[in-house]
Amino acid sequence: MSGFKRDFLWGGAVAAHQLEGGWKEGGKGVSVADVMTAGANGVPREITDGVLPGKNYPNHEAIDFYHRYKEDIRLFAEMGFKCFRTSIAWTRIFPLGDESEPNEAGLRFYDDLFDECLKYGIEPVITLSHFEMPYHLVTEYGGWRSRKVIDFFVRFAKAVFSRYQHKVKYWMTFNEINNQANFHRDFAPFTNSGLRYRPGEDREPVMFQAAHYELVASALAVKAARDINPELKIGCMIAMCPIYPLTCAPDDVMMAMNAMHRRYWFTDVHVRGKYPQHLLNYFARRGFALDITDADRAALAEGCVDYIGFSYYMSFTTKATDDNPGLDYDESKSLVSNPYVKKSDWGWQIDPVGLRYSLNWFWDHYQLPLFIVENGFGAIDVLESDGSVNDQYRIDYLAAHIAEMKKAVVEDGVDLMGYTPWGCIDLVSAGTGEMKKRYGFIYVDKDNDGNGTLARSRKRSFSWYQKVISSNGESL
Ligand code: P53
């Protein structure tokens, strides 16, 4: 093959809670994203007990896509997008999460949004759960601690598969389901699974249990989608940060392998429909008695995904240490800096070759079509007095990653479906809640404190990406 497929899905990616705003409109319920304040680099977002007065909740208004999506999709069409990845806010469809009937106003919003995309020939690519589960499920059920949430999720999935089956072909179940491998911090367990840990609680088995229920829910959703319409394609969504050994010392190499096991077993379950033996042995060694039934095992085996969606921003590096003779991976402690790569202002390691490595890693392991559904450079942009933004650093980042992606396809033979850079329009950062950490081709006039006109303007990267798409990745 000389380049990317002719029908390669070039586009951009966002998530409902990070751009829609309208947090109470159309009957929408409160989501976990609605109770997270703005943080900053090194300052974690606060998770509050409900929405409290006097706090800054950046997702409530976000960039007001709820009211401005027509203007924004017109700009995506101008760039030549073939697809647009967003999520359906679960709380627009089931505001509390445990209702028996969906909310018609919420369903109508996404009908209109998808129609607007299709009008320009833009294929919607939809994530079911992207860090925005109903907050009511957290307070009433403890989030994904509860098996009952499987039924609520599957009800939500069936409602939207049935409703949009003729508008949306490509779906993903849980965004970056493996972020919660970092369970020592509060962020990922809450955004992935609605988990609030009690002081002193043994966090790890709780995370494994929640992840298990999600994997079962995902598999049941895959099966439901096939029953509703066999044309639908359902993927998983994995946050891929390949973990390198710091040196070739055998213990460092082994440590890196263990780390990969602990961060990527989720993909094994999604793709192969069963747990890898290393993890079952780990559960036994640690004495974790998880609620995994025969019916769950059957569901997992029947609900394997059609493709692997993944995000790629950075690689990680790890090493063995004397205080860790078991070479166990703890994401909050085991990562070290890679001396061979640079970092973004937020400390994310910039490693385009890691994307080629990741594509090959997934392909070697699973032989399923791959879809890069996030990649991008969070940076501080400067709006010049003439209204322009000269984001050459973003162009450099994306061009270097696309060049490596091309090698994976052309030289290595990886089956790649598409590429949707993250935050194609500036939006609220998931990790920090900032506006200042920008990813877009389109600038949005809004700052960290919520000031600004919300006006949209094209950055330098806008016309660059337009050419990338029109040349099918030849012009970088
Ligand atoms: P922000 C951590 C590591 C890799 C990807 O992230 C991550 C995270 C969580 O912060 O999240 C994904 O906004 C996620 C998006 C998110 C994007 O990466 O923290 O799927 O929702 O916005 C970028 O810079």
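Definitions and cut-offs
- Residues numbered from 1 in each chain as written.
- Predicted model: local features only at pLDDT ≥ 70, side-chain atom pairs only at ≥ 80, totals over all residues.
- Heavy atoms only, no water.
- UniProt positions renumbered as here; feature names shortened; annotations may be inferred.
- Helix = DSSP H or I, 4+ residues; strand = E, 2+ residues; numbered from the N terminus.
- Expected span 1.5 Å × (residues − 1).
- Buried < 20%, exposed > 50% of the residue type's maximum accessible area, 1.4 Å probe, protein only.
- Contact = heavy atoms within 4.5 Å.
- Core = buried A, V, L, I, M, F, W, Y, C linked by side-chain atoms within 4.5 Å.
- Pairing = 2+ DSSP bridges.
- Near = heavy atom within 4 Å.
- Polar contact = N/O pair within 3.5 Å; in protein donor to acceptor, adjacent residues only side chain to side chain.
- Areas by Shrake-Rupley, 256 points an atom, 1.4 Å probe, with all protein chains shown as cover.
- Axes fitted to C-alpha atoms, helices over the stretch in contact; angles between N-to-C directions.
- Disulfide = S-S within 2.5 Å.
- Salt bridge = Lys/Arg side-chain N within 4 Å of Asp/Glu carboxyl O.

- As named in an unreviewed UniProt entry, the chain is 6-phospho-beta-glucosidase, taken from Pluralibacter gergoviae.
- Under the UniProt heading Sequence similarities (unreviewed entry), the note attached to the chain is "Belongs to the glycosyl hydrolase 1 family."

### Looking at helix α12 (residues 352–366)
- Helix length check: α12, at 15 residues, gives a terminal C-alpha distance of 22 Å against a target of 21 Å (1.5 Å per residue), a fit within 8%.
- Every buried residue of α12 is listed here: Pro 352, Gly 354, Leu 355, Ser 358, Leu 359, Asn 360, Trp 361, Phe 362 and Tyr 366.
- Gln 367 occupies a position one or two residues after α12 and carries a positive phi of about 45°.

### Structural notes on the side chain of Gln 18
- By the element assignment, Gln 18 lies in helix α1 (residues 16–19).
- With residues up to four places along the chain from it excluded, the contact list for Gln 18 reads Asn 59, Ala 62, His 130, Trp 422, Leu 427, Val 428, Ser 429 and Ala 430.

### So, the nonpolar core
- By size, the foremost hydrophobic cluster in this structure holds 145 residues, and its most contacted members are Trp 144, Trp 171 and Met 405.
- For this core, the element with the most residues is helix α8 (residues 203–228), which contributes 13 residues.
- Counting ten residues, the second largest nonpolar core, distinct from the first, contains Cys 83, Met 172, Met 237 and Tyr 307.

### So, the sheet that holds strand β6 (residues 243–245)
- Within the open sheet, the three strands sit side by side as β6-β8-β9. Their pairing is mixed. Taken across any chain shown, the strands that pair with only one partner, and hence form the sheet edges, are β6 and β9 (335–336).
- The pairing of strand β8 (residues 316–318) with β9 spans two bridges and is classified as antiparallel. Within the sheet, the bridge partner assigned to Thr 318 lies in β9 and is Leu 335.

### A few points about the site of the ligand
- The environment of the ligand is formed by 16 residues, the closest being Gln 18, Glu 374, Ala 430, Lys 437 and Tyr 439.
- One nitrogen or oxygen atom from the side chain of Tyr 313 is found 3.2 Å from an oxygen atom belonging to the ligand.
- Between an oxygen atom of the ligand and a side-chain N or O atom of Glu 374, the distance comes to 2.8 Å.
- If the ligand stood free it would expose 480 Å²; the protein chains cover 92% of that surface.

### Here we look at the pairing of strand β2 (residues 83–87)
- Counting buried residues in β2 gives five out of five residues, a clear majority hidden from the surface.
- Side chains Cys 83, Arg 85 and Ser 87 of β2 all project onto a buried face; the interleaved residues Phe 84 and Thr 86 project onto the opposite face, where all are buried too.
- As paired elements, strand β1 (residues 9–13) and β2 share three bridges and run parallel to each other. If you follow Ala 13 over to β2, its bridge partner there is Arg 85.
- Alignment of β2 against strand β3 (residues 123–129), held across five bridges, turns out to be parallel. Note on β3: the bridge partner recorded for Thr 86 is Ile 126.

### Quick look at the sheet that holds strand β4 (residues 170–174)
- One closed barrel holds the eight strands; their spatial order is β1-β2-β3-β4-β5-β7-β12-β13, and the pairing between them is parallel. For this sheet the average axis-to-axis angle between neighbouring strands, irrespective of direction, equals 30°.
- Sitting on the sheet, helix α6 (residues 148–164) touches β3, β4 and β5 (233–240), and the angle it makes with β3 is about 165°.

### Some details on the state of the cysteines
- Applying the stated criterion across every chain, the model contains zero disulfides.
- Not part of a disulfide, Cys 117 finds its nearest cysteine sulfur in Cys 83, a span of 9.7 Å.
- A residue is classified by how much of its surface remains accessible, and Cys 117, at 1% relative accessible area, is buried.
- The thiol of Cys 424 is unpaired, and the distance to the nearest cysteine sulfur, on Cys 83, comes to 9.4 Å.

### Points about the pattern of salt bridges
- Tallied over the full model, the rule gives 38 salt bridges.
- Across the salt bridge formed by Asp 111 and Arg 163, the nearest N and O atoms sit 2.8 Å from each other. One end of the pair, Asp 111, is in helix α4 (residues 104–119); the other, Arg 163, is in helix α6, and 52 residues separate them in sequence.
- Residue class for Arg 163 comes out partly exposed when judged on its relative accessible area of 30%.

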